[in-house]
Each structure stands twice: as C-alpha cells, then as structure tokens.
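Residue-level structure breakdown
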Amino acid sequence: MDFTLPESALAVQRGIADICSRYDLDYWQRCETDKRWPEEVWAELAKGGWLGLAVPEEYGGGGQGLLELAVATETLSASGSAGGSAFTYVLTPGFGAMTLARHGSDRQRAELLPKLATGEVETCFALTEPDAGSNALGISTSARRDGDEYVVKGQKIWITGVQRATWMLLVTRTVPAAEAKPRTHGMTVFLVNVPEAVAAGRLSFQPIPKMGANTTPSNMVFIDDLRVPAANVVGEVDGGAAVLWDILNPERILLAASALGGAEVALKVAVQYAKEREVFGRPIGANQAIAFPLAQVKAKIELARLMLYKAAWLFDNQRPCGTEANIAKLTASQAAWEAADHAFQTHGGMAYSLEYPVARLLADARIGKVAPVTEELLLNYLATQVLGLPRSF
C-alpha cells in the first residue's frame, strides 16, 4: 500500500501553488466583496494548461484524472480562495471535461474538449429543482421528442455559473418519475447552448442573493419549450442516470477537496493569530482551550484527506466510489466548518471585523454542510446503503 502521491499530482500541486503565491487573502476578499470571478487567476490557469488536466491528450489536454483535479482544487482553495475555488474546477473541468471525456459522442468530444482544455468554452450543470430538492430522481423538467429535436420545459434552482457558461449539461426526464421503472430509468442529459437559448427567449435566469461564494452567481433557471437537437444527448436517451453518477461523484470529491483547502487556510489563519495575539502577557495559543481544538482540526483534516484521495483514485480506476465520495464530502465539510468556527473563536470579537478573512471563511465553510447534498442525506446513505439499516420512507 503506497500513500505517496504520483508525480503527476505533485506536479499539479507545485504548478497551482506557484500561481497562487501571487494572490493573497486580500485578493480573494476583494473578489468576494466585488462579486466578481477571479479573472486573473483563471487566465493564469488557462495559460498554464491547468484547466485541461482531465481532457485526454488527443484533444489537447493533460490526460490526467480526478485525483489531479482534486489536488488542484485543494491547493487553490488552501491558497486563500477557500470555497470560491470549487467553482473553478467543478464547473468546467469537472462538469464539462470529465463528463464529455467519459460519455460524450465522438462529435461532442471533438468539438468541445479542445476548447474546454484552454478555457475558451465553459460549462455549468443543471439538476436541482425547487420541488425536488435533493431528490434527484424526482425532477420534473421534461424533454419530449419532436422529430430530430427534443422540446424541453421546466425550472431549475441553485444553478451556478450560467452567466459564464457556453454550454449547460441539463438533466431532464424523458420518462416521468411516476412512470419510471426502475426509478433511475427515463433520465436524459442534454448539452444546451446557453447563449443561443437565451437569445431565442427559451432560457432565462435570475441570480439568487446569497451569503457567500459570491465570486460566481447561483441562479434560478427557467426553460420554456426549448428545442434541443437529439444529437446533443450526452450518453443514452433514458439512460442518463449513468451519466449523472459520473457527474455527482466527482462533484462531491472536488467539493470535498475545496472544503479541505478551506479548512487548511482557516487553520493557518487561526494558528497565526494565536501565535501573535498576546493577552495576560502571553500568546493566546499557549492556552489549551485555544490550542487543543486547533490540533483536533488538524487531525480531522488529515483523516479526511485520506478518504478524498482514495475516492478520487477509485473513480480514476473505474471502480465504485459512491461510498468513499460521500464519506470524503461529509468529513471534509465537517473539518472545514470546525476549522472556520475555531478560527472565529480564536479571533474573538475581531472575527466580526471584515478586516480579517474569518467571516468569509466561515460563510464558505457553512455551504458544505448543506450543498450540493445535505449532511443528513449523506448520513442516511451510509446508514441505509452501507450499514443496511431500515429506510425511513
């Protein structure tokens, strides 16, 4: 058993860290305050080829896997971006490149993968609906066949990055949920050209005001009789569940990586303050009430990282990884929240001041306990699917 990261992942770690060394916590705070995408970092990632890690070499990418994407996400997050980094590697390299590399048609791969590798084309993912929530199989957005096209109608919520996306991976029901047997049957994933759909008046979106992660807007999305070519189906008609799992598992792994990086930066901020801040004639970090919780956070970060890398390795090796992805997401998000919470407590009243990054780190860390799937549902999965306990419904 070898716990050493492969050279490919170490090279990613070094390359991303080099770029991040030029952007401090103040930079990421300005991006959050101004609600703007980190264009400068994005441009450097694109120029260095770091956005195309998961694109096969024949399409101009690095030919790497989810492990390298996870390391890139973690490194970027730990540099100070915290939760904001997740969108950098989830939206386009994760949702777009990894999905099309596995499930795209020859035409889709040839047309889009080279542009995804350079960042010329960006993607977003639309699954969640107001009435379905975390019940992904219960969505009602419908796609009806009409000749060589499908007519799509429905509504999505919490769809991040629509404003920047050229293409949306849209999950629909080609068989209504009530009629599907088994329940996973009848789901179909489409590629939707966002600018064209918006220009035709068939797709619109409305940003949702939110407490954090404002470098990328999240939106309500409205789809009104949108016509999508049948050639834009990703995977198989009615067989979209297979595509969906290969989107959701990487998403959870990459968000776990982002949470781990956020935990690291929150811990770093807390430790630095605990060393420098003196009360009653000594650094506050000398007090066990401060030191021990921070030490506990460090232990939880390292434990979560082991499961994160295992889950990514399993995915890259075409092995089942649902349980590991869920555990990685659960434990990394818990570590991130505890790190940010203890960083807040370490700073005392000064944590409330926006002069320090703690408030932003706390807001970003809280997301992971509810999105993209709640902590309770992750625990329910482990209870029923892994432990075999009775279902409550």
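Fair warning: this is a prediction, and the values are worked out from it, not measured in the lab.

We now examine the packing of aromatic side chains. Where two aromatic rings form a pair, the distance of their centres and the angle of their planes describe that pair. Taken as a whole and assessed by the stated rule, the structure comprises seven aromatic pairs. Ring geometry for tryptophan 37 against tryptophan 42: centres 5.4 Å apart, planes inclined by 65°, an arrangement best described as edge-to-face. Residue tryptophan 37 shares its accessibility class with tryptophan 42, and that shared class is buried. When the ring of phenylalanine 344 is compared with that of tyrosine 352, the centres are 6.0 Å apart and the planes differ by 90°; the resulting orientation is edge-to-face. A connected cluster of aromatic rings, assembled from ring pairs, spans Tyr23, Tyr27 and Trp28. Geometry around phenylalanine 315 places arginine 102 over its ring, the cationic atom sitting 3.8 Å from the centre.

On to the nonpolar core, then. In this structure, Ile16, Leu45, Tyr89, Phe125 and Leu308 are the most contacted members of the largest nonpolar core, which totals 103 residues. In this structure tyrosine 89 touches Ile16, Leu45, Trp50, Leu53, Leu69, Ala72, Thr73, Leu76, Gly94 and Leu254, once residues within four positions along its chain are discounted.

So, on to the UniProt feature "domain: Acyl-CoA oxidase/dehydrogenase middle" (unreviewed entry) in the protein. UniProt tags residues 124–225 as "domain: Acyl-CoA oxidase/dehydrogenase middle" (unreviewed entry). Helix and strand shares over residues 124–225 are 6% and 46% respectively, and the end C-alpha atoms of the span are 20 Å apart.

Another aspect to go through is a nonpolar patch on the surface. A contiguous nonpolar patch, built from Met1, Phe3, Leu303 and Leu306 and spanning about 570 Å² of accessible area, is present on the exposed surface. On the secondary structure map, methionine 1 appears in the segment before α1 (7–20).

Moving on to unusual backbone geometry. For the bond from lysine 181 to proline 182, the omega torsion is 0°, close enough to zero to count as cis. Mapped onto the secondary structure, proline 182 falls in the loop between β4 (167–173) and β5 (187–193). Going from alanine 371 to proline 372, the amide bond is cis rather than trans, its omega being 0°. By the element assignment, proline 372 lies in the loop between α11 (358–367) and α12 (375–386). Positive phi, close to 60°, is recorded for phenylalanine 280, a residue that is not glycine. Under the relative-accessibility criterion, phenylalanine 280 is labelled exposed at 83%. Even without being glycine, glutamine 318 reaches a positive phi, approximately 60°. For glutamine 318, the position within the fold is in the loop between α9 (288–316) and α10 (322–347).

In this structure, the second largest pocket occupies an estimated 430 Å³ of space. Ranked by residues supplied to the lining of the second largest pocket, first place goes to α9 with seven residues. Its residues assigned to classes, the lining of the second largest pocket shows nine nonpolar, one polar and four charged.

Moving on, we get to α11. With seven of ten residues buried, α11 is to be regarded as a mostly interior element. As for α11, its buried residues are in contact with α2 (25–34), α4 (66–81), α5 (84–103), α8 (240–276) and α10.

All chains considered together, the criterion is met by 20 salt bridges. One salt bridge connects glutamate 111 with arginine 107, and the closest N-O pair in it is separated by 3.0 Å. Taken together, the residues span about one helical turn, with glutamate 111 and arginine 107 both in helix α6 (residues 106–118) at a distance of four residues. Judged by its relative accessible area of 35%, glutamate 111 is partly exposed. A salt bridge links arginine 164 to glutamate 122, with the shortest nitrogen-to-oxygen separation between them at 2.8 Å.

We now examine the UniProt feature "domain: Acyl-CoA dehydrogenase/oxidase C-terminal" (unreviewed entry) in the protein. The positions that UniProt labels "domain: Acyl-CoA dehydrogenase/oxidase C-terminal" (unreviewed entry) are, in the present scheme, residues 239–386. Segment residues 239–386 splits into 77% helix and 3% strand. End C-alpha atoms: 25 Å apart.

As a packed pair, α4 and α8 sit with axes 7 Å apart at the nearest point and diverge in direction by 30°. The angle between α4 and α8 places the two elements in the roughly parallel class. Here α4 runs over α8; the crossing is right-handed. Listed contacts from α8 to Leu66, Leu69, Ala70, Thr73, Glu74, Ser77, Ala78 and Gly80 of α4 are Pro250, Ile253, Leu254, Ala257, Ser258, Leu260, Gly261, Gly262, Glu264 and Val265. For the contact of α4 with α8, a count of residues per class yields ten nonpolar, six polar and two charged.

What counts and what doesn't
- Residues numbered from 1 in each chain as written.
- Predicted model: local features only at pLDDT ≥ 70, side-chain atom pairs only at ≥ 80, totals over all residues.
- Heavy atoms only, no water.
- Phe/Tyr/Trp six-rings, centres within 6.5 Å; stacked < 30°, edge-to-face > 60°.
- Buried < 20%, exposed > 50% of the residue type's maximum accessible area, 1.4 Å probe, protein only.
- Lys NZ or Arg CZ within 6 Å of the ring centre and 35° of its normal.
- Core = buried A, V, L, I, M, F, W, Y, C linked by side-chain atoms within 4.5 Å.
- Contact = heavy atoms within 4.5 Å.
- UniProt positions renumbered as here; feature names shortened; annotations may be inferred.
- Helix = DSSP H or I, 4+ residues; strand = E, 2+ residues; numbered from the N terminus.
- Patch = residues over 30% accessible without salt bridge, like charges linked within 9 Å, V, L, I, M, F, W, Y side chains within 5 Å.
- Areas by Shrake-Rupley, 256 points an atom, 1.4 Å probe, with all protein chains shown as cover.
- Salt bridge = Lys/Arg side-chain N within 4 Å of Asp/Glu carboxyl O.
- 1 Å grid on protein atoms, 1.4 Å probe; cavity = no way out; pocket = protein on both sides within 12 Å on 5 of 7 lines; lining within 4 Å.
- Points joined across faces, edges and corners; volume = space filled by probe spheres on them.
- Nonpolar A, V, L, I, M, F, W, Y, C, P; charged D, E, K, R; others polar.
- Axes fitted to C-alpha atoms, helices over the stretch in contact; angles between N-to-C directions.
- Parallel < 35°, antiparallel > 145°, perpendicular 65-115°, else oblique.
- Left-handed = near helix turned anticlockwise from the far one by under 90°.

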